[in-house]
Amino acid sequence: MIYVTGERLLPHHVRAAFFDRRWRGLDPAQVRDHLDRAADELERLSRELVTTRTEAERVRQALRQWQSQHRACRLRDPDAPPGGWPR
(Lines give C-alpha, C1' and ligand atoms only; values in the text may rest on other atoms or scores of the structure.)
Protein backbone atom coordinates (compact mmCIF):
# COMPACT_ATOMS: atom_id res chain seq x y z
CA MET A 1 0.00 0.00 0.00
CA ILE A 2 1.36 3.42 -0.91
CA TYR A 3 -0.06 6.46 0.81
CA VAL A 4 0.84 10.12 1.06
CA THR A 5 0.92 11.93 4.37
CA GLY A 6 2.61 15.01 5.74
CA GLU A 7 5.37 12.81 7.20
CA ARG A 8 8.86 12.67 5.81
CA LEU A 9 9.67 9.52 3.91
CA LEU A 10 12.08 7.48 6.00
CA PRO A 11 13.99 4.31 5.13
CA HIS A 12 11.75 2.10 7.24
CA HIS A 13 8.69 3.45 5.37
CA VAL A 14 10.20 2.34 2.07
CA ARG A 15 11.26 -1.05 3.45
CA ALA A 16 7.78 -1.68 4.91
CA ALA A 17 5.88 -0.67 1.76
CA PHE A 18 3.73 -3.32 0.16
CA PHE A 19 1.74 -3.34 -3.03
CA ASP A 20 -1.45 -5.06 -4.04
CA ARG A 21 -0.88 -7.85 -6.54
CA ARG A 22 -2.58 -7.52 -9.86
CA TRP A 23 -2.85 -9.83 -12.76
CA ARG A 24 -0.09 -8.79 -15.16
CA GLY A 25 1.40 -6.67 -12.39
CA LEU A 26 4.99 -5.78 -11.70
CA ASP A 27 7.60 -8.35 -10.73
CA PRO A 28 7.54 -8.33 -6.91
CA ALA A 29 11.27 -9.12 -6.69
CA GLN A 30 12.17 -6.17 -8.89
CA VAL A 31 9.91 -3.85 -6.89
CA ARG A 32 11.46 -5.06 -3.61
CA ASP A 33 15.00 -4.63 -4.99
CA HIS A 34 14.21 -1.09 -6.12
CA LEU A 35 12.63 -0.21 -2.77
CA ASP A 36 15.66 -1.61 -0.93
CA ARG A 37 17.97 0.56 -3.02
CA ALA A 38 15.78 3.62 -2.38
CA ALA A 39 15.74 2.88 1.37
CA ASP A 40 19.53 2.47 1.41
CA GLU A 41 19.92 5.84 -0.31
CA LEU A 42 17.51 7.52 2.12
CA GLU A 43 19.48 6.02 5.00
CA ARG A 44 22.77 7.31 3.57
CA LEU A 45 21.33 10.77 3.03
CA SER A 46 19.87 10.83 6.55
CA ARG A 47 23.29 10.01 8.04
CA GLU A 48 24.93 12.63 5.82
CA LEU A 49 22.39 15.23 6.92
CA VAL A 50 23.05 14.52 10.61
CA THR A 51 26.80 14.78 10.01
CA THR A 52 26.39 18.04 8.09
CA ARG A 53 24.18 19.59 10.75
CA THR A 54 26.63 18.58 13.48
CA GLU A 55 29.53 20.10 11.54
CA ALA A 56 27.58 23.30 10.88
CA GLU A 57 26.83 23.67 14.58
CA ARG A 58 30.51 23.10 15.42
CA VAL A 59 31.52 25.82 12.94
CA ARG A 60 28.89 28.24 14.33
CA GLN A 61 30.19 27.70 17.87
CA ALA A 62 33.79 28.16 16.77
CA LEU A 63 32.87 31.40 14.98
CA ARG A 64 31.06 32.73 18.06
CA GLN A 65 34.08 31.88 20.21
CA TRP A 66 36.48 33.53 17.75
CA GLN A 67 34.29 36.65 17.58
CA SER A 68 34.17 36.87 21.37
CA GLN A 69 37.94 36.52 21.65
CA HIS A 70 38.66 39.12 18.97
CA ARG A 71 36.01 41.70 19.81
CA ALA A 72 38.49 43.51 22.06
CA CYS A 73 41.12 43.54 19.28
CA ARG A 74 38.84 45.52 17.00
CA LEU A 75 37.96 47.97 19.74
CA ARG A 76 41.62 48.64 20.59
CA ASP A 77 42.76 49.24 16.98
CA PRO A 78 42.81 53.02 16.42
CA ASP A 79 43.10 52.54 12.65
CA ALA A 80 40.00 50.35 12.41
CA PRO A 81 37.20 51.93 10.37
CA PRO A 82 34.12 52.82 12.38
CA GLY A 83 31.11 50.54 12.19
CA GLY A 84 32.69 47.13 12.01
CA TRP A 85 35.20 44.94 10.33
CA PRO A 86 36.95 46.16 7.18
CA ARG A 87 35.73 44.63 3.97
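Computed from a predicted model, the values in this text were never measured in an experiment. (Residues numbered from 1 in each chain as written. Predicted model: local features only at pLDDT ≥ 70, side-chain atom pairs only at ≥ 80, totals over all residues. Heavy atoms only, no water.)

**Concerning the overall build of the chain**
Under the convention used in this document: Helix numbering and strand numbering both begin at the N terminus, where a helix is a DSSP run of H or I of at least 4 residues and a strand a DSSP run of E of at least 2. Summary of the burial criterion: residues with accessible area below 20% of their type's maximum are buried, those above 50% are exposed, and those between are partly exposed, where the area comes from a 1.4 Å probe applied to protein chains only. In this description, contact between two residues means that some pair of their heavy atoms is separated by no more than 4.5 Å. Only the protein chains shown count as cover for residues, and the accessible areas themselves come from Shrake-Rupley with a 1.4 Å probe.
Scanning the chain for helices and strands turns up two helices and zero strands. In the chain, buried positions account for 8% of the 87 residues. Taking as baseline every contact in the chain between residues at least 6 positions apart, the subset at least 24 positions apart corresponds to 35%. Accessible surface, the chain: about 8200 Å² in total, of which carbon and sulfur atoms supply 56%.

**Quick look at the pattern of salt bridges**
How we decide: A pair is scored as a salt bridge if a Lys or Arg side-chain nitrogen falls within 4 Å of a carboxyl oxygen belonging to Asp or Glu.
In total, this model carries eight salt bridges according to the counting rule given. Residues Arg15 and Asp40 are paired through a salt bridge, measuring 2.7 Å at the closest nitrogen-oxygen approach. Within this pair, whereas Arg15 is found in helix 1 (residues 11-16), its partner Asp40 is found in helix 2 (residues 28-76), the two being separated by 25 residues in sequence. Using a relative accessible area of 34% as the deciding quantity, one classes Arg15 as partly exposed. A relative accessible area of 41% places Asp40 in the partly exposed class. Through salt bridges with shared partners, a single network forms among Arg15, Asp36, Asp40 and Glu43.

**Topic: unusual backbone geometry**
Phi is positive for Arg24, which is not a glycine, with a value near 65 degrees. In this fold, Arg24 is placed in the loop between helix 1 and helix 2.

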